[in-house]
Structures are given as structure tokens and as C-alpha cells.
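Chain and residue survey
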Amino acid sequence: MLAVDIIAPEASILATEPRSEAARLTDAVRPLCEHAFVSNLKSEESQNKVRVLLGRGLSDYEIARRAGVGRSTVQLWRRRGFPAFAAPIAPVTIQPGRWDAKARSSYAYLFGMYLGDGTVTRHGQSFGLQVYLDAAYPKIVEECARCIELFAEKPPGRWIRPGTACQRLTSYGPIWSLLFPQHGPGKKHEREIRLDAWQQRIVDEFPEPFIRGLIHSDGSRCMNTFSVELKDGPREYSYPRYFFTNYSADIRAIFCEACERIGVRWSLSSWRNISISHRDSVARLDRFVGPKG
């Protein structure tokens, strides 16, 4: 039995359940990839608005302003016509209740990676998962690729942006929209992110791989060094600490809740940075996260 079943809905248990209400250290971390995974979808509503405004003889600039789309988009639609929306994708389903422990643990890790540096976008009759990683950490790339392969049943495609260390893993299939129902157009921090009930159960069961995925995507481990003036002169001290950085308040809250579940103390060092510096908490994370490799 594969980790994921893709079967007709009339012969299966529906994948989704009612949504639950549970609640880089710096910009230097992969800046070129920070917003490389923002989808740019034009809704049917936008097309309808432009159709009406075109009929009124307005300028492309005015139509773009009123419809909330780019002027080049209006020009393209005026010259070439409106693109047809893809036909509805045949319904498929997943059965998380039938996954073994390895699949659930792998999903927890991949879910953390997705929330940090992943996106799901529609491609014709299917969906594509893209995860953007730093090629300087090949072990993380390989771990993420293994988890993708477990659910896609084939290795992901790999691409490195020329002249950078930004590496993208890509996998196509209708299953990705079900595995990550948080997907949608736009940036994650500009829309609500909530876990479905079945996702919450997996995160509760496997908080460590989930936190590991979040830190591997949007976190870091570093040495904090400071100097103290003593009678015999200044003395330098160093201690390790973790950071988790994300623009989404929802994702930061999800990370903090997972840390609290395993007794890891955290603090807010800035509006987007979660810091973990307590000695016992750092030691706890070192047992299953540690330095990136």
C-alpha cells in the first residue's frame, strides 16, 4: 500500500475535515528566493470585470485600475482574447488515517518545509508543488526530496537558479492540493493560514519533524557572542541559539505552539523573529534539528 491513495471519491473517505481553530535569522537568508514562489492567478471575476470595461471604451490604464489587474494584462486580453480557464480537475482524495508512522512523520517534516518555503499552484489539469531551498545545504535538499518522492511516488525535478544557490524541487500531481489545503494565490503572510483537523493530529503526533521542517526552511542556528566588562578586563561569551523567521503571524503562532508542545521556551526578538536561547530548549532542539548541513 502506497503512502498516499489517489482514488475516486465515491469509493473513498474524503480527505478534508472541518478546519480547526487552533491557533533566517535576517533578510540575508536566501533573499533571492524570498518571494520566488508567489503565484499570479487571474480570477474569472477579474476577466468579467475587464470584459465589461472594454465594452465601455475605456483606456487600458483605466480598465487596469478599476479591475485591479496589470495594464499589460489588459492589453494582452484586448489583442488576443481572454484565456480559457482549465477544465475542473477530476476529484481525488487522500486517506491520512491509513498512513503508517513513516508517512505521517515524513508529512510533518514536508508540511513544515511547505509552510516555510513552499507553494502549490495549478498547472492545467494538475497541481505543482515547489519548494525553494539553499543548495549550500545538500543534506536538507536530499531530506526534502525523499519526503516529496514518498508521496509523489517519483523523484522531484531539480533546478538551480543560475548564478545563485537557490534550488527548487518540483513535483506535479493532483495530490498536492489535498496534502496542502493552505495553498492559494498570493503570499502566505497576506492570507489566513489554519491547519485542517487531520493535519493538526499529525503535527500533534510528530511535532519534532514538523519543527525540523520549519527551521530547515525558515530558521537558523547560530552562536550569539557578547562581551562583558569585568574587573580584569572584558570577557567574551558565546552560546548557541535558534531563530525562526516568517512574515506570517499565523505560521509563527503554529511554530510556537509546536515548540510549547515539547517544552521548548521561545521569545519574540522582533515582530517576525522567534528566538530560542534557553539552554535546555536549545539542547532539546539540538537532539533533532542541530546545525544545518
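Residues numbered from 1 in each chain as written. Predicted model: local features only at pLDDT ≥ 70, side-chain atom pairs only at ≥ 80, totals over all residues. Heavy atoms only, no water.

1. Considering the overall build of the protein
The condition that has to hold: Strands here are runs of E lasting at least two residues and helices are runs of H or I lasting at least four, both read from the DSSP assignment and numbered beginning at the N terminus. Burial classification: accessible surface area is computed with a 1.4 Å probe over protein chains only, and a residue below 20% of its type maximum counts as buried, one above 50% as exposed, and the rest as partly exposed. Computed by Shrake-Rupley with a 1.4 Å probe, the accessible areas treat only the displayed protein chains as cover when residues are assessed.
Looking only at helices and strands, the protein features ten helices and eight strands. Across the 293 residues that make up the protein, the buried fraction comes to 47%. Put simply, the protein shows about 15,100 Å² of open surface, and 52% of that area lies on carbon and sulfur atoms.

2. A look at the environment of Glu-143
To be explicit about the condition: Only heavy atoms enter the contact rule, under which two residues are in contact if any of them lie within 4.5 Å.
Relative to the helices and strands, Glu-143 is located in helix α5 (residues 138-152). Note: C-alpha distance between Glu-143 and Gly-213 (70 residues apart in sequence) is 9.7 Å. Residue contacts for Glu-143: discarding those within four places in its chain leaves Tyr-109, Arg-212 and His-216.

3. Overview of the sheet that holds strand β4 (residues 166-172)
Quick note on the threshold: Two strands are counted as paired when DSSP detects at least two bridges linking them. The axes are straight lines fitted to the C-alpha atoms, using for helices just the contacting stretch, and the angles between their N-to-C directions are given from 0 to 180°.
Strand order in the open sheet made by the four strands is β1-β2-β4-β3, with antiparallel pairing throughout. What marks the edges here is a single partner per strand, and that holds for β1 (118-123) and β3 (157-160). In this sheet, adjacent strand axes meet at a mean angle of 25° when their direction is disregarded. By the bridge criterion, seven bridges tie strand β2 (residues 126-134) to β4 in an arrangement that is antiparallel.

4. Describing helix α7 (residues 197-205)
Within the span of α7, buried status applies to Ala-197, Trp-198, Gln-199, Gln-200, Ile-202 and Val-203. On its buried side, α7 packs onto α4 (101-117), α6 (175-179), α8 (207-218) and α9 (249-261).

5. Brief notes about the environment of Thr-93
Mapped onto the elements, Thr-93 comes out in the loop between α3 (71-80) and α4. For Thr-93, a relative accessible area of 1% corresponds to the buried category. With 82 residues separating them along the chain, Thr-93 and Ile-175 place their C-alpha atoms 7.4 Å apart.

6. What about the packing of aromatic side chains?
Definition in use: Planes of paired rings set the category: under 30 degrees apart is stacked, over 60 is edge-to-face and the rest tilted, where pairs are Phe, Tyr or Trp rings (Trp by its six-membered ring) whose centres lie within 6.5 Å. Cation placement over rings: the criterion is NZ of Lys or CZ of Arg within 6 Å of the ring centroid and within 35° of the ring normal.
Overall, the coordinates contain 13 aromatic pairs when judged by the stated rule. Between Tyr-107 and Phe-151 the ring centres are 6.1 Å apart and the planes differ by 75°, which places this aromatic pair in the edge-to-face class. With a gap of 44 residues between them, Tyr-107 in helix α4 and Phe-151 in helix α5 connect regions that are remote in the sequence. Phe-151 shares its class with Tyr-107; the two are buried. Chaining the aromatic ring pairs together yields one cluster made of Trp-99, Tyr-107, Phe-111, Tyr-114, Phe-151, Trp-176, Phe-180, Trp-198 and Phe-210. Lying across the ring of Tyr-114, Lys-188 places its NZ or CZ 4.9 Å from the centre.

7. Overview of α9
Convention followed: Multiplying 1.5 Å by the residue count of a helix minus one yields the expected span of that helix. A 3.5 Å cut-off defines polar contacts: any pair of N or O atoms within that distance qualifies, except that in protein one atom must be a possible hydrogen donor and the other a possible acceptor, and neighbouring residues in sequence count only when both atoms are side-chain atoms.
Its 13 residues give α9 an end-to-end C-alpha distance of 18 Å, which sits within 8% of 18 Å, the value for a rise of 1.5 Å per residue. Its side-chain oxygen placed 3.3 Å from the backbone nitrogen of Asp-250, Ser-248 serves as the N-cap of α9. Just beyond α9, the residue with positive phi is Gly-263, at close to 80°.

8. Observations regarding the side chain of Glu-62
In this fold, Glu-62 is placed in helix α2 (residues 60-67). Here Arg-66 takes part through its side chain, which lies 2.7 Å from a polar atom of the side chain of Glu-62.

9. A short note on the nonpolar core
Our working rule: The set of buried Ala, Val, Leu, Ile, Met, Phe, Trp, Tyr and Cys residues whose side-chain atoms join them within 4.5 Å is what this entry labels a nonpolar core.
By size, the foremost hydrophobic cluster in this structure holds 56 residues, and its most contacted members are Trp-176, Phe-180 and Phe-255. Looking at this core, the element that brings in the most residues is α4, giving nine residues. Within the second largest apolar cluster, nine residues are counted, among which are Val-50, Leu-53, Leu-54 and Val-74.

10. Brief notes about unusual backbone geometry
The phi dihedral of Glu-153 falls on the positive side, at around 65°, and the residue is not glycine. By the element assignment, Glu-153 lies in the loop between α5 and β3.

11. A few points about the pairing of β3
Looking at chain direction, β3 and β4 are connected through four bridges and run antiparallel. Paired with Arg-158 across the bridge in β4 is Leu-169. Hairpin remark: β3 followed by β4, antiparallel, with five residues in the connecting loop; positive phi at Gly-163, about 80°.

12. Observations regarding the packing of helix α1 (residues 44-55) against α2
The cut-off we apply is this: Left-handed describes a crossing in which the near helix is turned anticlockwise from the far one by less than a right angle; the clockwise case is right-handed. In this classification, Asp, Glu, Lys and Arg are treated as charged, Ala, Val, Leu, Ile, Met, Phe, Trp, Tyr, Cys and Pro as nonpolar, and every other residue, Gly included, as polar.
Packing of α1 against α2 brings their axes to within 10 Å, and their N-to-C directions diverge by 145°. Along this stretch, α1 crosses α2, giving a crossing that reads as right-handed. Residues Ser-46, Lys-49, Val-50, Leu-53 and Leu-54 of α1 touch α2, and the partners they reach there are Ile-63, Arg-66 and Ala-67. Its residues assigned to classes, the contact of α1 with α2 shows five nonpolar, one polar and two charged.

13. Thoughts on the pairing of β2
Of all the nine residues making up β2, nine are buried; the element is thus mostly covered by neighbouring parts of the structure. Both faces of β2 are covered, namely the face carrying Ser-126, Gly-128, Gln-130, Tyr-132 and Asp-134 and the face carrying Phe-127, Leu-129, Val-131 and Leu-133. Bridge analysis of β1 against β2 gives six bridges, and the strand direction is antiparallel. Looking at the pairing, Arg-122 lines up with Phe-127 of β2. With antiparallel pairing between neighbouring strands as the criterion, β1 and β2 make up a hairpin whose turn holds two residues, including Gly-124 at a positive phi of roughly 60°.

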